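# Overview (structure and organization)
The lines below spell out each chain.
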Amino acid sequence: MSEERAPGLSTRAIHVGESPDPITGALAPDLTMSTTYVFPSAEEGAAVFAGEKEGFAYTRYGNPTVAILERKVADLEGGEAGLATASGMAAVFAATLPFLRTGDHVVACDGVYSGTYNLFSERYPALGIETTFVDGADSEAFERALRPDTRLIYLETPGNPTLKIIDIQAVARIARRAGVVVVADNTFATPVFQRPLDLGADVVLHSATKYFCGHGDAIAGAVVGSADFIKRANREMIRIYGGILSPFNAWLIVRGIHTLTLRVERQARSAQMVAAFLDNDPRVEWVAYPGLRSFPQHELAKRQMRGYGSMVCFEVKGGVEAGRRMMNRVQLCSLAVSLGDVKSLITHPASMTHRLVPPEQRLAAGITDGLVRLSVGCEDVEDIVADLDQALG
Ligand code: LCS
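Residues numbered from 1 in each chain as written. Predicted model: local features only at pLDDT ≥ 70, side-chain atom pairs only at ≥ 80, totals over all residues. Heavy atoms only, no water.

When its secondary structure is counted, the protein shows 15 helices and 12 strands. Its C-alpha atoms give the protein a radius of gyration of 21 Å, near enough to 21 Å, the size a compact globule of 393 residues would have. Summarising the internal contacts of the protein: among those between residues at least 6 apart in sequence, 73% fall at separations of at least 24. Total accessible area computed for the protein in this model is approximately 17,400 Å², and 53% of it derives from carbon and sulfur atoms. Across the protein, the 38 positively charged side chains and the 46 negatively charged ones have centroids separated by 1 Å. (Helix = DSSP H or I, 4+ residues; strand = E, 2+ residues; numbered from the N terminus. Rg over C-alpha atoms; globule rule 2.2 N^0.38 Å. Contact = heavy atoms within 4.5 Å. Areas by Shrake-Rupley, 256 points an atom, 1.4 Å probe, with all protein chains shown as cover. Lys, Arg positive; Asp, Glu negative; His and termini not counted. Charge placed at Lys NZ, Arg CZ, Asp CG, Glu CD.)

It is worth spelling out helix H7 (residues 168-178) at this point. Within the sequence span of H7, burial applies to Ile-168, Ala-170, Val-171, Ala-172, Ile-174 and Ala-175. Elements that come into contact with the buried residues of H7 comprise helix H6 (139-145), strand S4 (150-156), strand S5 (181-185) and helix H12 (298-304). Looking one or two residues beyond H7, the residue adopting positive phi is Gly-179, at roughly 70 degrees. (Buried < 20%, exposed > 50% of the residue type's maximum accessible area, 1.4 Å probe, protein only.)

A few words on the domain arrangement of the protein. We note that the domain assignment places domain 1 (9-257) and domain 2 (260-392) within the protein. Centre-to-centre separation of domain 1 and domain 2, based on C-alpha positions: 26 Å. Counting the surface lost from both domain 1 and domain 2, the interface buries some 3,300 Å², and carbon and sulfur atoms represent 62% of this. Together, Ile-165, Phe-193 and Tyr-211 form the three largest contributors to the area buried by domain 1 at its contact with domain 2, with a combined 25%. Counting across the interface, domain 1 meets domain 2 through 1 salt bridge. Here Arg-303 ties to Asp-167 by a salt bridge, and the two come within 3.1 Å at their closest N and O atoms. (Domains from an automatic or database assignment. Buried area = accessible area lost by both parts, 1.4 Å probe. Salt bridge = Lys/Arg side-chain N within 4 Å of Asp/Glu carboxyl O.)

This is the structure:
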């Protein structure tokens, strides 16, 4: 045998957490829908409850199919343990609330997903937790916003929808000096292109609804961090608040992850071509894609990421109205929110996903009213480009 060599990411995405069923030999993971589990004896039941013995007791506490997903995502992100949640928003909540108490302060980047913005700007203040939003492109802005009561720095990079890139290493250094934890939403990049824990983040989270699922048929979330943190988050956020992932959705996400690298690499290659097409088209005012040399943070993206992802933002000449006309004319692309699907999805953040972010906050974060967001799918890239070309009129 050759020297021990760590298997690559595609191999791990397919195999980690799985093994053939010891009784039937079934190769595909089992879907266990059972809510409860029979103990061989009262003593063993007590030992499982006391945490002295590995085992399942009740699906809100843990489930074999959900556990496959948790092990897989933890491995892909390079963390000790993973936690599956009912949605990406439940993951944002589960990754942050265990660190926070009334009177605490958070520093978050601007230009985050609107649900996340609403959690930090509305719900947490109602619990006495205050958040300062800073320009994520300026690492030192995080340091300037720190206060003695700051407990957590929250990052989303690339950001939704502006694709703003945050220098995770630089921010993690600032956080470490101040004794503050860093939580990063890695939904847009996926672990194929970026691993925040390797760059110094403490906890990473996902809307698994997006690239992990890949097929637009399951809402889910995932959190990865140290074994201690995940144990605590499981106890507080899952056992007590109850936001568990259905085993069926976990099974769908596991199936999606098997083809994660294939899909995202193809999507990123296509996105680079779509971005180049839009960039050279006189009907387009501007294009933002981290893989374009004209992208303001292209060099940082190149250093921090192994690929630039498949989200492209642009504005059609003629502003909001021209953008609307274009979105109404697409035929192959679907006019729909969400992202990371095998199908190309086009959307208008200012009136759809980010409608509830106040207009002045939207503009400050770079979400202009004319911004069109495209999630490049797995179709033949020539067909995606031809559709955009006809839709531009
Ligand atoms: N984090 C990011 C970066 C997201 O884009 C989303 C959803 C979430 C968290 C929340 O995940 P969910 O609960 O939906 O699984 N983003 C959406 C979007 O841009 N359009 O529709 C949903």
